[in-house]
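Structural features, examined
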Amino acid sequence: PAIQGRGIGTSIIRNLQSEAAEADTELDLGVELDNPRARELYERLGFTAIGQDDTELVMRWTPGPGPGTAYDGQIAADHPMGHLP
């Protein structure tokens, strides 16, 4: 918490997005449901929810214009968490 709010996470994610865009690949991540600040950060950086389990929201960023994949209440079949109930 002492270093939160200084832009470090934003910088790291933007660097990862830049690398992913160069490789034309998506970024997936999980954020704990009880961590709204992290979720807000990822949403601000263009991630959208694609699924969730009991403790974690799965989010995806897709390179190119527009937002990522919209969350329809189901875990994406191609995501490693897709096997969860």
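About the cut-offs
- Residues numbered from 1 in each chain as written.
- Predicted model: local features only at pLDDT ≥ 70, side-chain atom pairs only at ≥ 80, totals over all residues.
- Heavy atoms only, no water.
- Patch = residues over 30% accessible without salt bridge, like charges linked within 9 Å, V, L, I, M, F, W, Y side chains within 5 Å.
- Areas by Shrake-Rupley, 256 points an atom, 1.4 Å probe, with all protein chains shown as cover.
- Salt bridge = Lys/Arg side-chain N within 4 Å of Asp/Glu carboxyl O.
- Helix = DSSP H or I, 4+ residues; strand = E, 2+ residues; numbered from the N terminus.
- Buried < 20%, exposed > 50% of the residue type's maximum accessible area, 1.4 Å probe, protein only.
- Pairing = 2+ DSSP bridges.
- Polar contact = N/O pair within 3.5 Å; in protein donor to acceptor, adjacent residues only side chain to side chain.
- pLDDT = per-residue confidence, 0-100.
- Contact = heavy atoms within 4.5 Å.

This next bit is on a nonpolar patch on the surface. There is a patch of nonpolar side chains on the surface, built from Ile8, Ile12 and Leu16 and spanning about 260 Å² of accessible area. Mapped onto the elements, Leu16 comes out in helix 1 (residues 8-23).

Okay, the pairing of strand 2 (residues 48-52) next. It is a general feature of regular strands that their side chains alternate between the two faces of the sheet. Burial within strand 2 is extensive, with 4 of its 5 residues counted as buried. Pairing of strand 2 with strand 3 (residues 56-61), which is carried by 4 bridges, proceeds in the antiparallel orientation. In the strand pairing of strand 3, Gln52 is matched with Leu57.

With that settled, the discussion passes to the side chain of Gln17. By the element assignment, Gln17 lies in helix 1. Within the structure, the side chain of Gln17 is placed 2.7 Å from the backbone oxygen of Leu45, a separation counted as a polar contact.

Further remarks concern the confidence of the model for the protein. Summary statistics for the protein give a mean pLDDT of 81 and a share of 71% for residues scoring 70 or more. The low-confidence segment residues 67-73 (pLDDT under 50) makes 16 contacts with residues lying over four places distant or belonging to another chain.

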